[in-house]
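Spelled out from the first residue to the last, the chains are:
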Amino acid sequence: MERIHLTKFIIITGGVVSSIGKGITSASMGRILRSYGLNVAAIKIDPYLNWDSGTLNPYQHGEVFVTNDGMETDLDLGHYERYLDVELPGISNITTGKVYESVIAKERAGDFLGACVQVIPHITDEIKEMIKITANQDDYDVVLIELGGTVGDIESQPFLEALRQLRNDEGSKNVMFVHVTFIPYLDAAGEFKTKPTQHSTKELRSVGINPDIIVCRSQEPIDDDLKAKIAHFCDVDKDAVVNTPDAGTIYEVPLVLEENNVGKVIVDRLGLDVNPDSSKLAQWRSIVKSLKIEDPVVRIGIVGKYVELEDAYISIRESLLHAAADIGVKAEIVYINSDVDENDKEAMDSFYWELMKLHGILIPGGFGERGVEGKLLAVDYAIEENIPLFGICLGMQSMVIQFARRNGYPNANSSEFDKNNSHPVIDMMEEQKKIKNMGGTMRLGSYDCKIIEGTKTFDAYQETDIEERHRHRFEFNNEYRDCLQDIYVKNENKGIIISGTSPDDFLVEIIELPDHPWAIGCQFHPEFKSRPNRPHPLFKSFVDAAYGYSKNWWNPFK
Ligand code: GLN
């Protein structure tokens, strides 16, 4: 494919172990370059065979991040969007599944004119093509490409080969490599060990890639002698060995990299036409300062079933932190398992004890029946105790179900959990059922929404026309719209408030519970659009309400 704009590429690989924060490192380098005024995009390559992240278990891979255009992607795209403050297209997440699907489709169409289809050149060409399609979406100055997994994984090999070729295709002045490794500390020896880093760099060089920068992750800072040793054994410049010890907040990483002159090393290496002036990170620095506020503390509980792995709710966690920092409070996030057994008295006591400690309750999304009962109980508790309550997707659906159960429909449910229920207040819309026959059933990606003035939702957004990202099959059932809205107690309307709908008024997108200081549920996922510099209005309003609640909170620990 012809290139339109001269884009430079920074390729990030990982060594030694996984989960060392390659995504944050990549996003942080992107943040630095964005602060210099460059137009930056990011690509995540996931070498697994799945076509997308949609079917991956959140326990293993963490949250599924949804892009504006409705792709279900790896959570690293969330880091990129938050750090770079951009909206990335779904094609920014390349998987082995997508690459092979495309190559096989071309083979079936006869595009290869009888050639034997092989990993090199056909798969590697396809990988480069996919990278270039993303790079051509805009006049990007820099595209970051993060390769998931660690060097040496069998699945990564075609990608490493394609990335090596990319350097030749684009010219080595335009492509650089960053290798992120881990430096373990051995208690028994009382020292840090560089050998794993030497080995993984050697592995990388064996496929023809020499790193330009080595980012060494470690639990504690490493000294200059150790960096010099790594530079020597791994054949990189001394100033290109950078240490990022565990940080107080992940948003500090751009500042740590900048202190180590990473911005300047990149600018010099790629010949970028900008001044690598660290004062340009001033805004980011002040956000990091706000994120480190220690008090007052606002305690928010996330009541869901994927609580064992914090990454399963990563965008929600980050959105709460952004909102809290902006308000000037510290959000302490408590994860509460919603998979409760109502017959287990001890477990129920500890479930309610956890709820009692909170200043705000957030019910996140989810699929399947397991864990729903706990969500419904938490909704009920928040209604009874007037605790700020924020329901997202299945959380909003749980609010509707519980409200209906409390107001004349004791058996109300979602048809996701009970197909034959007599009161399916949450149901699949006819349109959705039709899509099912064509293979896909989800409402995915960005949709317009109209906010009704005079509601708490409008107070939060301060505008009527918004766009938010969806990922669900079921909807508020319109057959229950009137009866749930028109509930009168002593001539006063105590019905559910519909505060946001699709522009044609057909789909209920946001609800509020009456007679409650703050109880809002939205069918979409606002967490995908929060940024540290632009907290999402609903999160901000929720944390603000929780802060208000905390001031008059009865302290059960006294
Ligand atoms: N399972 C529900 C649905 O499909 C909610 C999905 C979600 O919370 N993301 O509608």
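Residues numbered from 1 in each chain as written. Predicted model: local features only at pLDDT ≥ 70, side-chain atom pairs only at ≥ 80, totals over all residues. Heavy atoms only, no water.

### With respect to helix α7 (residues 195-206)
Short version of the rule: Here a helix means four or more residues in a row that DSSP labels H or I, a strand means two or more in a row labelled E, and each is numbered from the N terminus. Take the residue count of a helix, subtract one, and multiply by 1.5 Å to get its expected span. Per-residue accessibility, obtained with a 1.4 Å probe over protein chains only, is compared with the maximum for each type, and a residue is labelled buried under 20%, exposed over 50%, and partly exposed between these values. Contact criterion: two residues are considered in contact whenever any of their non-hydrogen atoms come within 4.5 Å of each other.
The end-to-end C-alpha distance of α7, which contains twelve residues, comes to 16 Å, matching closely the 16 Å that a straight helix rising 1.5 Å per residue would cover. Among all positions in α7, only Thr197, Gln198, Ser200, Thr201 and Leu204 are buried. Residues of α7 that are buried sit in contact with β1 (8-14), α6 (157-170), β7 (175-182), β10 (213-218) and α8 (224-234). Phi turns positive, to about 90°, at Gly208, one or two residues after α7.

### Let's talk about helix α19 (residues 537-551)
Under the 1.5 Å per step criterion, the end-to-end length of α19 is 21 Å for 15 residues, consistent within 8% with the ideal 21 Å. Here α19 has its buried residues at Leu538, Phe539, Ser541, Phe542, Val543, Ala546 and Ser550.

### Considerations on unusual backbone geometry
The omega angle of the peptide bond from Ile120 to Pro121 is 15°, so this bond is cis rather than trans. Secondary-structure assignment places Pro121 in helix α5 (residues 119-135). With an omega dihedral of 0°, the bond running from Asp295 to Pro296 counts as a cis peptide bond. Mapped onto the secondary structure, Pro296 falls in the loop between α11 (282-291) and β12 (297-304). Its identity is not glycine, yet Asp505 carries a phi of approximately 70°, on the positive side. You can see Asp505 is positioned in the loop between β23 (497-501) and β24 (508-512).

### So, the site of the ligand
Let me state the cut-off plainly: The criterion for a residue being near a molecule or strand is simple. One of its heavy atoms has to lie within 4 Å of it. Polar contact is defined as a pair of N or O atoms within 3.5 Å, subject to the rule that within protein one atom must be able to donate a hydrogen and the other to accept it, and that residues adjacent in sequence are counted only when both atoms are side-chain atoms. Areas reported here follow the Shrake-Rupley algorithm with a probe of radius 1.4 Å; residue values treat only the protein chains shown as occluding. Three classes are used, and their members are as follows: Ala, Val, Leu, Ile, Met, Phe, Trp, Tyr, Cys and Pro are nonpolar, Asp, Glu, Lys and Arg are charged, and the others, Gly among them, are polar.
Around the ligand, the neighbouring residues are Gly365, Gly366, Phe367, Cys393, Leu394, Gln397, Glu416, Arg471, His472, Arg473, Phe474 and His525. Separating an oxygen atom of the ligand from a side-chain N or O atom of Gln397 is a distance of 3.1 Å. One of the backbone N or O atoms of Arg471 is found 2.8 Å from a nitrogen atom in the ligand. Protein chains bury 99% of the 300 Å² of accessible surface belonging to the ligand in isolation. At the level of secondary structure, the elements contributing two or more residues to the shell around the ligand comprise α15 (394-406) and β19 (465-472). For the shell around the ligand, the residue count by class is four nonpolar, five polar and three charged.

### Points about the packing of aromatic side chains
Here is the rule we go by: When the centres of two rings from Phe, Tyr and Trp lie within 6.5 Å, Trp using its six-membered ring, the rings pair. Their planes under 30 degrees apart give stacked, over 60 give edge-to-face, and anything left gives tilted. Charges are assigned to positions over rings by a cutoff of 6 Å between ring centre and Lys NZ or Arg CZ, combined with an angular limit of 35 degrees from the ring normal.
Counted under the stated rule, the structure contains 14 aromatic pairs. Arranged with centres 5.6 Å apart and planes meeting at 70°, the rings of Phe351 and Tyr352 form a pair that is edge-to-face. With relative accessibility at 29%, the residue Tyr352 sits in the partly exposed group. Taken together, a centroid distance of 5.5 Å and an interplanar angle of 85° make the contact between Phe390 and Trp518 edge-to-face. One end of the pair, Phe390, is in strand β15 (residues 389-392); the other, Trp518, is in the loop between β24 and β25 (519-522), and 128 residues separate them in sequence. Look at Phe390 and you get buried, because its relative accessible area is 0%. Relative accessible area serves as the criterion here: at 4%, Trp518 is assigned to the buried category. Looking at Lys98, its charged tip hangs above the ring of Trp51, at a distance of 5.1 Å from the centre.

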